[in-house]
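The lines below spell out each chain.
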Amino acid sequence: MELINKLLAINSNYILIGLMILFYSLEQLLGNQFKFDKRPQHLFQNSLFYVVFFLLGILWSFVSVFSIEWLNNHQIGLFYLVQLPLWLKLLVGVALFDLVSYWFHRLSHVVPFLWRFHRVHHSDTTMDASTNFRGHPLESFLWFGSSNILSAAVFGLDLLTLGLYLFITMIFFVLQHSNLRFPKWLDKSLGLVITTPNIHKVHHEQDQHYTDSNFSDIFIVWDRLFGTYKSKPVEQIKLGLKEFEEEKKQTFWYLMKSPFLEITRVESGELNKNTNAITQLNK
């Protein structure tokens, strides 16, 4: 308990930047899973998102803390109806935060208005540790940030549990998006319960059949339980979204305004049909 308090007392921005530096350096030293050029430019564009997150995060943290403290002070939520040891309450609480996030994430792929914002994260046609930063701030705070408040309201979760959940996901997100090679045995062992980097990369596959899968942040068991788990050899994955492949559409300013633009989604099925049609005409 004392160790958890000490870890959570560290400024999360220091930890996140430290993780970014560590894994970005490892990517240069150990070789990349996905090869691409203009790495410094890619890092710069994604880092601009982090600057916005940092500024808006100060405001949103006040909203989250105030809301959850109010809920806790009024003893709202299911955990107030039962007595659990602290360690079990923390473990179950982290899993429940992850469960609610799973459903919020899944809805982001189903509801067209929400997808307009969420596709900013999926737009990255390359990948490295900085991809973790890429995401529209309105979605991150107003949508996914709200999921934590809802979790606290329904289950009676407190700020300590939320802090532990956010600490764990911060590590997972950097790992899952890092451009490093991970052994396949990891997916066949820990991957039965945990969302490993290779499993998460399937979620970034350009083919929507795979994009709409593996929504869990920490526990892949939610995808297995609700029928959204899919697997694909990581060496066969093509990252990003076809409609964002132009270089100008990979810039910070374009991605920030992209939710308000009409951008037709190009499905891999359509690409295959068009390719086959052209092939038949040329015969």
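Structure report, in brief. Since the model is a prediction, treat every value here as computed from it, not as a measurement.

**A closer look at the packing of helix 4 (residues 86-110) against helix 5 (residues 112-122)**
Helices that pack against each other are described as a pair by the angle of their axes relative to one another and the distance between those axes.
Next, step 1: Helix 5 packs onto helix 4 with a crossing angle of 105° between their chain directions and a minimal axis gap of 6 Å. Our classification of the angle between helix 4 and helix 5 gives roughly perpendicular. Contacts between helix 4 and helix 5 involve His105, Leu107, Ser108, His109 and Val110 from the first element and Pro112, Leu114, Trp115, His118 and His122 from the second.
Next, step 2: When grouped by side-chain class, the residues that make up the contact of helix 4 with helix 5 number 5 nonpolar, 5 polar and no charged.

**Focus on the packing of aromatic side chains**
Next, step 1: For the coordinates displayed, the defined rule picks out 13 aromatic pairs.
Next, step 2: Ring centres 4.9 Å apart and planes at 35° place the aromatic pair tyrosine 50 and phenylalanine 133 in the tilted group. Here tyrosine 50, found in helix 3 (residues 39-73), pairs with phenylalanine 133, found in the loop between helix 5 and helix 6 (137-155); they are 83 residues apart in sequence, far enough to count as distant. Per residue, the accessibility class of tyrosine 50 equals that of phenylalanine 133, and both read buried.
Next, step 3: Through pairs of rings, three or more aromatic residues link up here, namely Tyr102, Trp103, Phe215 and Phe226.
Next, step 4: The residue whose ring lies beneath arginine 224 is tyrosine 229, and the NZ or CZ to ring-centre distance is 4.0 Å.

**What to know about the pattern of salt bridges**
Next, step 1: Per the stated rule, a full pass over the model turns up 11 salt bridges.
Next, step 2: The salt bridge involving aspartate 128 is made with arginine 39; its shortest N-O contact spans 3.3 Å. You can see aspartate 128 sitting in the loop between helix 5 and helix 6 and its partner arginine 39 sitting in helix 3, a full 89 residues away along the chain.
Next, step 3: Residue arginine 134 pairs with aspartate 124 through a salt bridge whose shortest N-O separation is 3.8 Å. Of this pair, arginine 134 sits in the loop between helix 5 and helix 6 while aspartate 124 is found in the loop between helix 5 and helix 6, placing the two residues 10 residues apart along the sequence. This pair shows no difference in class: arginine 134 is buried, exactly as aspartate 124 is.
Next, step 4: In the salt-bridge network here, residues are joined through shared partners; they are Glu27, Arg39 and Asp128.

**A short note on the side chain of histidine 200**
Next, step 1: Of note, histidine 200 is situated in helix 9 (residues 197-203).
Next, step 2: Looking at histidine 200, its side chain comes within polar contact range of the side chain of histidine 177, at 3.1 Å.
Next, step 3: Look past the residues within four positions of histidine 200 in its chain and what remains in contact with it is Gln176, His177 and Thr195.

**Some points on a nonpolar patch on the surface**
Next, step 1: Among the surface-exposed residues, Leu78, Leu81, Val82, Leu84, Leu150 and Val154 lie close enough to one another that they form a single nonpolar patch of about 520 Å² accessible area.
Next, step 2: Locating leucine 78 in the fold gives a position in the loop between helix 3 and helix 4.
Next, step 3: The class of leucine 78 is partly exposed, set by a relative accessible area of 46%.

Cut-offs applied
Residues numbered from 1 in each chain as written. Predicted model: local features only at pLDDT ≥ 70, side-chain atom pairs only at ≥ 80, totals over all residues. Heavy atoms only, no water. Axes fitted to C-alpha atoms, helices over the stretch in contact; angles between N-to-C directions. Helix = DSSP H or I, 4+ residues; strand = E, 2+ residues; numbered from the N terminus. Parallel < 35°, antiparallel > 145°, perpendicular 65-115°, else oblique. Contact = heavy atoms within 4.5 Å. Nonpolar A, V, L, I, M, F, W, Y, C, P; charged D, E, K, R; others polar. Phe/Tyr/Trp six-rings, centres within 6.5 Å; stacked < 30°, edge-to-face > 60°. Buried < 20%, exposed > 50% of the residue type's maximum accessible area, 1.4 Å probe, protein only. Lys NZ or Arg CZ within 6 Å of the ring centre and 35° of its normal. Salt bridge = Lys/Arg side-chain N within 4 Å of Asp/Glu carboxyl O. Polar contact = N/O pair within 3.5 Å; in protein donor to acceptor, adjacent residues only side chain to side chain. Patch = residues over 30% accessible without salt bridge, like charges linked within 9 Å, V, L, I, M, F, W, Y side chains within 5 Å. Areas by Shrake-Rupley, 256 points an atom, 1.4 Å probe, with all protein chains shown as cover.

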